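Residue-level listing of the chains:
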Amino acid sequence: DVRQAVEDLRRQVGQLQGTSDGNLNTQVSNLRTAAADLRAAAVTASQEGYVAARPLLEDSVTDVKQSLAVLKASADAQCIPAG
């Protein structure tokens with residue numbers, strides 16, 4: 001279920017934000033917005049039918065992937081490897 005996956009993602013992003021000391025707020029906000037849009041698209045798909053909502057779902061998935069990639073790159077850049 002897409003809606004449950006989005007909720008899981010939002011929970012995990014919240015945990016990441018809690019450990020980032022505010023350094024990733026913009027990227028986290030962008031990912032949360034993309035996730036909310038994906039959830040809305042999933043609701044639309046269930047109401048209008050998958051075929052009609054497919055383009056919106058595809059766009060939303062792309063936005064989530066892009067936002068997640070930016071967040072990951074930012075988090076990786078801020079982490080100093082131990083050792």
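Description of the structure in this document. Remember, predicted model here, so these are calculated numbers, not experimental data. (Residues numbered from 1 in each chain as written. Predicted model: local features only at pLDDT ≥ 70, side-chain atom pairs only at ≥ 80, totals over all residues. Heavy atoms only, no water.)

### Brief notes about the overall build of the protein
Working step 1: Across its full length, the protein holds three helices and zero strands.
Working step 2: Reading the protein from its N end, one meets helices and strands in the order α-α-α.
Working step 3: Along the first, second and third principal axes, the C-alpha atoms of the protein reach 50 × 20 × 20 Å.
Working step 4: Counting every position in the protein, which comprises 83 residues, the buried fraction comes to 27%. (Helix = DSSP H or I, 4+ residues; strand = E, 2+ residues; numbered from the N terminus. Buried < 20%, exposed > 50% of the residue type's maximum accessible area, 1.4 Å probe, protein only.)

### Points about the side chain of Ser74
Working step 1: Along the polypeptide, Ser74 turns up in helix H3 (residues 50–78).
Working step 2: Leaving out residues up to four positions away in the same chain, Ser74 has contacts with Leu24 and Gln27. (Contact = heavy atoms within 4.5 Å.)

### Topic: H3
Helical periodicity: at 3.6 residues per turn, an α-helix aligns residues three or four positions apart in one direction.
Working step 1: With 29 residues, H3 extends 40 Å between its outermost C-alpha atoms, agreeing within 8% with the 42 Å of an ideal straight helix rising 1.5 Å per residue.
Working step 2: The largest bend in H3 amounts to roughly 30 degrees and is located at Leu56. (Expected span 1.5 Å × (residues − 1). Bend = angle between axes of the 7 residues up to and from the residue.)

### Examining the environment of Ala5
Working step 1: Assignment of secondary structure puts Ala5 in helix H1 (residues 2–19).
Working step 2: Relative accessible area serves as the criterion here: at 43%, Ala5 is assigned to the partly exposed category.
Working step 3: C-alpha separation for the pair Ala5 and Ala35, spaced 30 residues apart in sequence, amounts to 9.4 Å.

### Brief notes about the pattern of salt bridges
Working step 1: Across all of its chains, the model carries five salt bridges by this definition.
Working step 2: Among the ionic pairs, Arg54 bridges to Glu58, the shortest N-O distance being 2.7 Å. Here Arg54 pairs with Glu58, and both are found in helix H3, just four residues apart, close to one helical turn.
Working step 3: Judged by its relative accessible area of 41%, Arg54 falls in the partly exposed class.
Working step 4: The class for Glu58 is partly exposed, based on a relative accessible area of 40%.
Working step 5: It is possible to trace a salt-bridge network through shared partners that takes in Glu7, Arg10 and Arg39. (Salt bridge = Lys/Arg side-chain N within 4 Å of Asp/Glu carboxyl O.)

### What about the nonpolar core?
Working step 1: Core analysis: the largest hydrophobic core is formed by 17 residues, its most contacted members being Leu9, Leu31, Leu57 and Val64.
Working step 2: Mapped by element, the contributors of at least two residues to this core are H1, helix H2 (25–48) and H3.
Working step 3: In contact with Leu57, not counting residues within four places along its chain, are Leu38, Ala41, Ala42, Ala45 and Tyr50. (Core = buried A, V, L, I, M, F, W, Y, C linked by side-chain atoms within 4.5 Å.)

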